[in-house]
Amino acid sequence: MTLMSRGESERMSKDRKSGDIRLGESLDISEAGPLAAELIKLRGSDIRIDASQVRKAGGQCLQVLLSGFVTSAQDGTHFEIVDPSSGFTESIEALGLDI
C-alpha cells in the first residue's frame, strides 16, 4: 500500500532532491517532534516513508505524517508511505483512515 500526493502511478521526480525516512517500531508522542523536524527539513523534497518496522503508531505521529502529506500536496512534491506494517495499517484504520 502507498499514500502518494500526486497519484499512485507517478514516480518520484529525478529533478528534485528526495528524502527517505525509516520509521521505528513505536511512534509514540516522544517521536512526534523529531518526526516533524525531519519532515520540515525535507520540505520541498520528494519524501518516501518506510513504515515496515512500525508496531504501533500514536495519534500525534499520524497527525504529523498527515500534515506532511498535505504540505507535500500543496508544495507539488511527492509523499509516499511504503511497506506499511500491519501495526501501522491498524493504527491508521483505528482513526478511521485508509491508506
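Residues numbered from 1 in each chain as written. Predicted model: local features only at pLDDT ≥ 70, side-chain atom pairs only at ≥ 80, totals over all residues. Heavy atoms only, no water.

S.K.: Residue-level account of helix α3 (residues 86-94), with values.
M.R.: Since there are 3.6 residues in each turn of an α-helix, residues three or four apart along the chain are aligned in direction. Listed as buried for α3 are Gly87, Phe88, Thr89, Ser91 and Ile92. Turning to α3, the residues buried within the fold contact β4 (56-57), α2 (59-75) and β5 (79-82). (Buried < 20%, exposed > 50% of the residue type's maximum accessible area, 1.4 Å probe, protein only. Helix = DSSP H or I, 4+ residues; strand = E, 2+ residues; numbered from the N terminus. Contact = heavy atoms within 4.5 Å.)

S.K.: Give me the layout of surface pockets: which residues, what numbers.
M.R.: Approximately 190 Å³ is the volume found for the largest pocket. Lining the largest pocket are 15 residues, and of these Leu39, Ile40, Ser67, Gly68 and Thr71 sit closest to its centre. Counting only elements with at least two residues in the lining of the largest pocket, the list comes to α1 (29-41) and α2. Residues belonging to the lining of the largest pocket are distributed by class as follows: 6 nonpolar, 7 polar and 2 charged. (1 Å grid on protein atoms, 1.4 Å probe; cavity = no way out; pocket = protein on both sides within 12 Å on 5 of 7 lines; lining within 4 Å. Points joined across faces, edges and corners; volume = space filled by probe spheres on them. Nonpolar A, V, L, I, M, F, W, Y, C, P; charged D, E, K, R; others polar.)

S.K.: Can you break down the pattern of salt bridges residue by residue, with the values?
M.R.: Oppositely charged side chains can form a pair if their charged atoms are brought close together. With the rule as written, the count across this model stands at 4 salt bridges. With a closest N to O distance of 4.0 Å, Asp50 and Arg22 form a salt bridge. Linking Asp50 in strand β3 (residues 46-50) with Arg22 in strand β1 (residues 18-22), this pair joins segments that are 28 residues apart in sequence. Its relative accessible area of 15% is what places Asp50 among the buried residues. (Salt bridge = Lys/Arg side-chain N within 4 Å of Asp/Glu carboxyl O.)

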